[in-house]
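A closer look at the structure
Listed here are the chains, written in short residue letters.
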There are 6 protein chains.
Amino acid sequence: MSSDRRARGEEALGRIDPDVAGRMREAFAEIAPDFADMIVDFAYGDVISRPGLDPARRQLVTLTALTVLGAGTDLIETHARGALRVGLTRDEVVECVMQCAPFAGFPRAIAAMAALRRAFAE
Amino acid sequence: MSSDRRARGEEALGRIDPDVAGRMREAFAEIAPDFADMIVDFAYGDVISRPGLDPARRQLVTLTALTVLGAGTDLIETHARGALRVGLTRDEVVECVMQCAPFAGFPRAIAAMAALRRAFAE
Amino acid sequence: MSSDRRARGEEALGRIDPDVAGRMREAFAEIAPDFADMIVDFAYGDVISRPGLDPARRQLVTLTALTVLGAGTDLIETHARGALRVGLTRDEVVECVMQCAPFAGFPRAIAAMAALRRAFAE
Amino acid sequence: MSSDRRARGEEALGRIDPDVAGRMREAFAEIAPDFADMIVDFAYGDVISRPGLDPARRQLVTLTALTVLGAGTDLIETHARGALRVGLTRDEVVECVMQCAPFAGFPRAIAAMAALRRAFAE
Amino acid sequence: MSSDRRARGEEALGRIDPDVAGRMREAFAEIAPDFADMIVDFAYGDVISRPGLDPARRQLVTLTALTVLGAGTDLIETHARGALRVGLTRDEVVECVMQCAPFAGFPRAIAAMAALRRAFAE
Amino acid sequence: MSSDRRARGEEALGRIDPDVAGRMREAFAEIAPDFADMIVDFAYGDVISRPGLDPARRQLVTLTALTVLGAGTDLIETHARGALRVGLTRDEVVECVMQCAPFAGFPRAIAAMAALRRAFAE
């Protein structure tokens, strides 16, 4: 049932950032009320809550994907803080971003490293 | 010294695939004899052999980076087999690629999943 | 309920290509049995079957996304044939890919145009 | 003749945003006086003014291309407002961006959705 | 006049590869007869034939763009051979692709280097 | 020896911007003290200081790579100013970015052109 996906998604995303689902719902409430739920239900309820990888490993996958993609700074910051919440150390997060350099080039790694710096400063 | 980077790089890359450094050297011997060494020395000797993440976690970072980037099939195949060599299970490799779908979209995940299928068939 | 998503997804994807869901299930049955369902349920059941855009407009969005992304030839071929099935003309499909050139550059448009040629030849 | 391309391009771009050609000419007047004309003449005069797709469908192609590409926020805002000018509804614009999520991932769709929010707030 | 763009474009593209315009026209004659002309007229007639950079420097820009973009192998091969025709040496072409590695990552550089190998073998 | 790479890298990067290595070391000193050195040693010490292309040609490759990649504005600004330092004219830098439009699309070229404007204004 849909409510299972929602509950699983809320729990998995809540581990990364307890407020992010609410912030997204508020941000898109007026123009796209279903959009935040789609992220919760699919990305977190269907995929990231699957049992095959533990939350720390999944967060390495997320951070790598965001770094290589050249995702926005805010998103990388959110997920860098989430990485610490699921048990990765700062150094592990830094190593993850550093390892993106030989695969996706230094500009992507530099942008993500700047986001880590802001995430760790808070 | 450069020879340390080379040795560290050969060891780290050899864990993924004992033959890949040789194959790359042969492939580029005529046009770019230094290119394969650059990959060994920098990507593996400087970055991936760093102690901060264990080989299995590093290989998740590598597979995610290649999937999101839309790297060539052969490269993804090589690194999927390497993932098994450093101790990841087939299911963990599959979960890693699957998790790229919400971040980088299904076309990239489908392409990588097809490479996994070939890697696992051997 | 999940079965609604599946039914809606099968119907929406079936309009594009009646056989593609089955081909994907077969392709990934051994390594990732849930992966094809994820595409059907989320991409088609949750998103593409929404009422806000008619199937022809949605297929323009799909073809543009695949072209700009540099998706694989087979995927673009499948969706070019699907575009004809949902009522776009060959010329409309060609215009869509051509319009990607000023936004994503000629190499992406050339690659997609070659896929259209193969799709239309069948 | 070149003046035809210019006139066709000015008209097609003017439908999206009556001021954007002028703003671009001003922005690049000092360093690249031909650059804005190149956009008008080629993107709009040669491609987007072609008869094969109506302006609303072309704007769906444009918005999809910008979203998938990860184009700058200002450009997406400009084209979201342009989409309303050529007759698309807010909901259709939102659906277009939402449909990019399964193809290009949520980070690109989130960034574009944030630009839509700003475009619609004005 | 349009015929000037065409003539300038044919000349500039002909310097890279005397046959490529004809091959493209033939390839797309049936589905998109204007598409090859668009490449000749805009990419070569409007942009690459401009006087500000000599043909060898322009071909370095082209090869870098194709490598970073992850363009198709055939296109990179064509432009690698074109680079030799406009006076670059094999080593200069190799250095250009190698320099893309720190900016765009090794997978893109490896793919382009493999295309150079095929280009130089003929 | 590593110190040779460092010295070669500092010299090559210093030609682009005498302060950038220091700024990067300061920026990442707390979270990733080795990261700036990695850029100096590998990107500049191993690759960009190689003799096969002169500094002006190498900077064209760098600017093209950053433009096509959609790198951050600050990075493009830094390298546009660096381009002037290694002997390129403003017009040559502009031509380089303009030529990216047919290969990577106008949005990437527009973003880079805006960075050039800021670089040239200083």
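What counts as what
- Residues numbered from 1 in each chain as written.
- Chains lettered and ligands numbered in written order.
- Predicted model: local features only at pLDDT ≥ 70, side-chain atom pairs only at ≥ 80, totals over all residues.
- Least-squares fit on C-alpha atoms with pLDDT ≥ 70 in both.
- Contact = placed C-beta atoms within 7 Å.
- Axes fitted to C-alpha atoms, helices over the stretch in contact; angles between N-to-C directions.
- Helix = DSSP H or I, 4+ residues; strand = E, 2+ residues; numbered from the N terminus.
- Parallel < 35°, antiparallel > 145°, perpendicular 65-115°, else oblique.
- Left-handed = near helix turned anticlockwise from the far one by under 90°.
- Nonpolar A, V, L, I, M, F, W, Y, C, P; charged D, E, K, R; others polar.
- Core = buried A, V, L, I, M, F, W, Y, C linked by C-beta atoms within 7 Å.
- Buried ≥ 20, exposed ≤ 12 C-beta atoms within 10 Å, placed from the backbone.
- Domains from an automatic or database assignment.

We now examine the relation of the copies chain B and chain A. The transform that puts chain B on chain A rotates by 180 degrees and translates by 0.0 Å along the axis, for an RMSD of 0.0 Å. What we have between these two chains is a two-fold relation. Of all interface residues in chain B, 100% are interface residues in chain A too; the two copies therefore contact each other through one and the same surface.

A few words now on the packing of helix α6 (residues 90–104) of chain C against helix α4 (residues 55–69) of chain D. The interhelical angle for the contact between α6(C) and α4(D), taken along N-to-C directions, is 45 degrees, at an axis separation of 10 Å. Judged by the inter-axis angle, α6(C) sits oblique to α4(D). Along this stretch, α6(C) crosses α4(D), giving a crossing that reads as right-handed. Of the residues in α4(D), those touching α6(C) at C:Cys96, C:Gln99, C:Cys100, C:Phe103 and C:Ala104 are D:Arg58, D:Val61, D:Thr62, D:Ala65, D:Leu66 and D:Leu69.

Right, let's talk about the interface of chain B and chain A for a bit. Chain B puts 28 residues into the contact, and the matching count from chain A is 28 residues. Elements with a contribution of two residues or more to the side of chain B that touches chain A: α3 (35–48), α4 (55–69) and α6 (90–104) of chain B. Ranked by the residues each element gives to the side of chain B that touches chain A, the list is headed by α6(B), at eleven residues. Residue composition of the side of chain B that touches chain A, grouped by class: 18 nonpolar, four polar and six charged.

This part is about the nonpolar core. Formed by 286 residues in total, the largest nonpolar core has its most connected members in A:Val97, B:Val97, C:Val97, D:Val97, E:Val97 and F:Val97. Residues in contact with F:Val97, not counting those within four places in the same chain, are F:Leu63, F:Thr67, F:Ala109, F:Ala112, F:Met113 and F:Leu116.

On to the packing of helix α3 (residues 35–48) of chain C against helix α6 (residues 90–104) of chain D, then. Where α3(C) meets α6(D), the axes come as close as 10 Å, and the angle between the chain directions of the two elements is 175 degrees. Viewed along their axes, α3(C) and α6(D) adopt a mutual orientation that is roughly antiparallel. Between α3(C) and α6(D), the contacting residues are C:Phe42, C:Ala43, C:Val47 and C:Ile48 on the first element and D:Met98, D:Gln99, D:Ala101 and D:Pro102 on the second. When its residues are assigned to classes, the contact of α3(C) with α6(D) shows seven nonpolar, one polar and no charged.

Here we come to the domain arrangement of chain A. Interfaces are often sized by the amount of accessible area the parts lose when they come together. Residues and elements named next belong to chain A. Looking at the assigned domains, one finds that chain A contains domain 1 (1–51) and domain 2 (54–122). A separation of 21 Å is found between the C-alpha centroids of domain 1 and domain 2. Taken together, the contact pairs five residues of domain 1 with nine residues of domain 2. Here the residues of the side of domain 1 that touches domain 2 sort into three nonpolar, no polar and two charged.

Let's shift gears to the environment of D:Ala111. Relative to the assigned elements, D:Ala111 resides in helix α7 (residues 106–121). A count of 20 C-beta atoms within 10 Å places D:Ala111 in the buried class. Along the chain, D:Ala111 and D:Ile76 lie 35 residues apart, while their C-alpha atoms are 9.4 Å from each other. Sequence-distant contacts of D:Ala111, defined by excluding residues within four places in its chain, comprise A:Gly72 and D:Gly70.

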